[in-house]
Amino acid sequence: MAAAAFPELVPYLRCIDLGESPTVYGWGVNDGDGGLAAQLLRRFERSIHQGDVLGPLIHALARHPALQALAARHPRCTVLGLHDDGSVISPVEELAAVMRSAAEPGAKVDAELAPAKCAAWSPTPRAPPADLADQWRPAGLTYFGIPVGGAEFVNAEVDQMGAAHARVVRAVASLPPDAVQARLLLLRMCAAPLVTYALRCLPPVAATALAKGVDSKIRRALLHLLRAEDDFRGTRRAHVAGAALPVRMGGLGLGDRSVVTSAAHVVSWLATWRAVDLPAPALRELVRALSALPAVTAPGRPALGAAPPTTAGGGSRTPPAEWGGTSAWLSPAGNAAAATPPTLEPPRSAAPVGVAWPASLAAFASEGGLWGPLLPRLQVCLSACVAKATPAATGSPGRSPFESVAPPSPHLLLSLPPPLHTATIPAAGLLRSLGGVPDSWGAMLAAPTRLTQRQLAQAAHLAAARGMRASLSLAARARWAACCGHGSGLWLNRLPCCGRLGGAMKGAEMVVAVRLWLGISAVTHASARECRCGEIVDALGSHWLGGCPRSVPLRSFRHKEVLQRVATVLRVDPRWTGDVAEPPLPAGEQSPALRPDLRATSVASGAPLWGDVSVVAATAAVHVSRTAGSPRVPGAARVRETEKVGKYTPYLPAGDPPHTFTPLVWEASGRVGPATASFLALALGEENHREALTGLLTDVSLGLWRWNARIVLARVANSFRMGWAPLAAPPLVAHLSH
Amino acid sequence: MLTGKPVAAETDAVRAKTSTLFPAATPELATANSLADAFPTKLAAAKPLGEARAGAEPRQLAAETVVATIRSAARGKALSPSGLRMEHLWALTLAGSDALVRVVQLLSSADGVDQVPPVARRALCAANLLLLVKPGGEDAAGVPGLRPIGMPETIRKLVGKALMREVLPEARRYFVPLQREVSVSGACEDLVHEADARLALEPTWGVLQLDFKNVFNKISI
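Nothing here was measured: the structure is a model prediction, and the numbers come from that model.

Below, the discussion takes up the overall build of chain B. A tally of regular secondary structure across chain B gives 11 helices and three strands. The N-to-C order of helical and strand elements in chain B reads α-α-α-α-α-α-α-α-β-β-α-α-β-α. Against the compact-globule benchmark of 17 Å for 221 residues, chain B has a radius of gyration of 21 Å, which places it well outside the compact range. Referenced to the eigenvectors of the C-alpha coordinate spread, the extents of chain B come out at roughly 65 × 50 × 40 Å.

Written out as structure tokens, the structure reads:
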């Protein structure tokens, strides 16, 4: 078959696969003589080799004639194959014959049917066919991992999915208490996305129930991880709401499955329909029918004057749960529903421009009935998706960092916040070009490129974030803005490894850092404190991260860690030579001569470079209004860069080639200054050095947040809790005070 | 692994069970001739597809295709039997990179059988095997179900990926709608939704799931 359809593969198969039975190595077996381990386990003598990149293609080639023969023998049936799985949709009376037919051509390619492991089901309850008694599953079956069947069966399977998810969360929670970083990563990367496939494929009602259960467990685990069980209820609620936002919006991406459920389902269907060569006539017909459905503006309420979907002959709207139970399929128990599928009432107004309505209203109504509960279900799902993407708060929320979150870019530095003049873009990417989330299936299908789950989910998150932001103070908005953007959350993705440069954070520091990231006080039941310098400090300790004279020693450590990271990366880069961090003053120079943090020489041009590292807190009092006013711009970093350039440039030594200066400025939350970003992109950003650039930005981000946590922890312990003695006071005084 | 099963224990019983996973060749297996006799029309229908694309003369993989494959290969993958990783190949000098492109072209060309010595072919065909334990119970001998994961040689993977790049668009046209494993992203979701739509139109119909015994390791190619 390969020789006929894909002759390009034949030389490879002759050379690699069919020349000789290849060897497979299993585990090592000690030969007892201290020599090399005897590893030989097996030889592939037939079929496809495990691990071969072309294995799936070759397997499909070998199986294709058998499936073709089966489809030709039963032309009314729909034959579907995926790897070693196969399924056939046909009239129930024909299923037994199909199974017999599948065995015969399969045997010709040495594929042996296992009748005992085959399964059959029909949405219409009935007695099992005579030859399929063993295979018949009256309640339902699991189809590519998704339960299909009656409400009871689907609910039971969904419960099992929830239980499996709970086991993963429990396993994460059982890790050592100090492994906060690893536990958070496992929650974010493993536990949270575990049910995404199910959410995309399950019927919305079942998916919503699953998402609710999953979110509940994740939130509980998160609160335990962040030691927030004893926090006030409002604080815990803020934890949960903030954590549900994506990292790019200052959240953690945890506990947001309920928000994205409808978006996931909508996008999954869209992906099926948007295939270039839509294979199934049923899908093509469904696309046509959906394109004619009216737009929606609110859950269950079509826009443009059209009536909501109603049951035939009934005046009131049927709840979604009754449109086939919790299943995508007709409920076995709901014989009446199966007999009288709900139909759509014809629209009362003219069709919107660009939507092709059926020829007549009667045809429209009958088409709704033709599809049973599927069309109303999809329409309700779209309504939910649009509703979630619609902000609940009335009035303009003002300029916010979320309105203009740019689409993700493969280039790390290009994805940093854009310059000031683009900061008020109301939306971004495809959603912007579409003017928001499309409110009809026709508009969804007509989108110029495929909508993704990320895009629709982002719209839902934007709506939630706008609602949360409306009640925040200016300082809180500034803090949130400083945590938004693509560069600031890199530290959350850092894998903890051993060693000084391993990127591991201690448990207590990680807890504090994450709490600060979410805008929650570093310690439980925190209140305003009075710093030893006399300033009143908010619960987040913004004063200590920049501006407090008492924190200078700790902030110097933070500065030094950033400097060492930059110097290390430049030192190993072959395009730079003579890298020196904190070089001594040139001989003969005395104070007040300037000493840059970093010196290096470009190998290509021979030009000496001066660099000066600085970390600036965007939440410091002097920067709050700037950061809150232009949230997408790292304004504090930009100001500091300007200051640095003005300070060092006049002192650059003359020479040929001339000395150059670059500021290396980060905001305390991890955002990079624009000039710094440009320099790093030039110095490290080439294709072969992308890893170095990514690693540097991640490590600096991690170092900044580690030191943020340390600074706040240390200063909290050494400050006055309004009216109380500091914890660092003599023990007796502190004890009496507390 | 958080909740998954561990790798299979290194016991004789597990070793013996692998013989059922990878059965030996027998004389009664299907051959090219038996397949041609069993499915003459299907083979005849496939021939024009291959001839229209490949022509009469066997072609060589374009150097650009090979280079693009090498550049886009994933990092951090499993160690191959020789200890080679993609990261090693990326570190080659310019001359070494050119040689690597030529090796990939050779292995995918008709000259490969003649020019690549058998000892090298044997080495390139080798693979490491990881035997994971399937969820579920154990058999009568107390051996759990095994899920074999093969980890072949890196250069062989490069050849396969480069060839896949060449045939992917045509493969989709050839296999869809009957099979979705090649060049279809989100294939499982497609199938679930297609079945959903089909049964919504025909609620009195049914769905039959077919299961073949160890078909990936047994089917004759």
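Another point: the overall build of chain A. Scanning chain A from N- to C-terminus turns up 26 helices and 16 strands. Expressed as a percentage of its 738 residues, the buried residues of chain A come to 49%.

Turning to the nonpolar core, a few remarks are in order. With 241 residues, the main nonpolar core has Leu187(A), Leu210(A), Cys385(A), Leu456(A) and Val566(A) as its most contacted residues. If we skip the residues at most four places from it in the chain, Leu187(A) touches Val172(A), Ala192(A), Ile218(A), Ala221(A), Leu222(A) and Leu254(A).

Residues and elements named next belong to chain A. Taken domain by domain, chain A consists of domain 1 (2-146), domain 2 (147-260) and domain 3 (555-585 + 593-616 + 633-699). Taking the mean C-alpha position of each, domain 1 and domain 2 sit 35 Å from one another. Domain 1 puts eight residues into the contact, and the matching count from domain 2 is 12 residues. Top contributing element to the side of domain 1 that touches domain 2 by residue count: strand E6 (residues 140-143), with four residues. In the side of domain 1 that touches domain 2, the residues fall into five nonpolar, three polar and no charged.

On to the confidence of the model for chain B. Confidence in the prediction of chain B, expressed as mean pLDDT, is 88, and 97% of residues score 70 or more. Scored as a whole, the predicted complex attains pTM 0.84, and scored at its interfaces, ipTM 0.95.

So, about the interface of chain B and chain A. Listed by partner, the interface residues are 98 residues for chain B and 110 residues for chain A. Taken together, the residues of the side of chain B that touches chain A break down into 60 nonpolar, 17 polar and 21 charged. Here strand E4 (residues 85-91) of chain A runs beside strand E3 (residues 205-211) of chain B; their pairing, made up of seven bridges, is antiparallel. Within E3(B), the position partnered with Ser87(A) by the bridge is Gln209(B).

Next up on the list: the sheet that holds strand E11 (residues 536-537) of chain A. All names here are of chain A. On the basis of which strands lie adjacent, the open sheet formed by three strands has the order E11-E10-E16 and antiparallel pairing. Two strands close off the open sheet at either side, each with one partner strand: E11 and strand E16 (720-721). When strand E10 (residues 529-530) meets E11, the two strands line up antiparallel, connected through two bridges. If you follow Glu 530 over to E11, its bridge partner there is Ile 536.

Here the focus is the packing of helix H8 (residues 204-225) of chain A against helix H10 (residues 257-273) of chain A. All names here are of chain A. Interaxial distance between H8 and H10 falls to 8 Å at its minimum, and their mutual angle equals 150 degrees. Our classification of the angle between H8 and H10 gives roughly antiparallel. For the pair H8 and H10, the crossing hand works out as right-handed. Residues Pro 204, Ala 207, Thr 208, Ala 211, Lys 212, Val 214 and Asp 215 of H8 form the contact with H10, whose own contacting residues are Arg 257, Ser 258, Thr 261, Ser 262 and His 265. Residue composition of the contact of H8 with H10, by class: four nonpolar, five polar and three charged.

All names here are of chain A. The strand order E12-E13-E14-E15 describes an open sheet built from four strands, whose pairing is mixed. Only two strands of the sheet have a single neighbouring strand rather than two, namely strand E12 (576-581) and strand E15 (660-667). Strand after strand, the sheet turns through a mean of 20 degrees between neighbouring axes, direction not considered. Where strand E13 (residues 598-602) meets strand E14 (residues 608-616), four bridges bridge the pair, whose relative direction is antiparallel. Paired with Thr 601 across the bridge in E14 is Pro 608.

With that settled, consider the packing of helix H19 (residues 507-517) of chain A against helix H25 (residues 690-717) of chain A. All names here are of chain A. Between H19 and H25, the shortest axis-to-axis distance is 8 Å and the interhelical angle comes to 95 degrees. Our classification of the angle between H19 and H25 gives roughly perpendicular. Contact residues: H19 offers Glu 509, Val 512, Ala 513 and Leu 516, while H25 offers Trp 705, Arg 706, Asn 708, Ala 709, Arg 710, Val 712 and Leu 713. When the residues that make up the contact of H19 with H25 are grouped by side-chain class, the tally is seven nonpolar, one polar and three charged.

Attention now goes to the confidence of the model for chain A. All names here are of chain A. Across chain A, pLDDT averages 80, with 76% of residues at or above 70. This stretch, residues 299-365, has a pLDDT under 50; its non-local contacts, to residues over four places away or in other chains, come to 132 contacts. Confidence drops under pLDDT 50 across residues 393-398; counting only partners more than four residues distant or on other chains, this segment forms six contacts.

What counts, and where the lines are drawn
- Residues numbered from 1 in each chain as written.
- Chains lettered and ligands numbered in written order.
- Predicted model: local features only at pLDDT ≥ 70, side-chain atom pairs only at ≥ 80, totals over all residues.
- Helix = DSSP H or I, 4+ residues; strand = E, 2+ residues; numbered from the N terminus.
- Rg over C-alpha atoms; globule rule 2.2 N^0.38 Å.
- Buried ≥ 20, exposed ≤ 12 C-beta atoms within 10 Å, placed from the backbone.
- Core = buried A, V, L, I, M, F, W, Y, C linked by C-beta atoms within 7 Å.
- Contact = placed C-beta atoms within 7 Å.
- Domains from an automatic or database assignment.
- Nonpolar A, V, L, I, M, F, W, Y, C, P; charged D, E, K, R; others polar.
- pLDDT = per-residue confidence, 0-100.
- Pairing = 2+ DSSP bridges.
- Axes fitted to C-alpha atoms, helices over the stretch in contact; angles between N-to-C directions.
- Parallel < 35°, antiparallel > 145°, perpendicular 65-115°, else oblique.
- Left-handed = near helix turned anticlockwise from the far one by under 90°.

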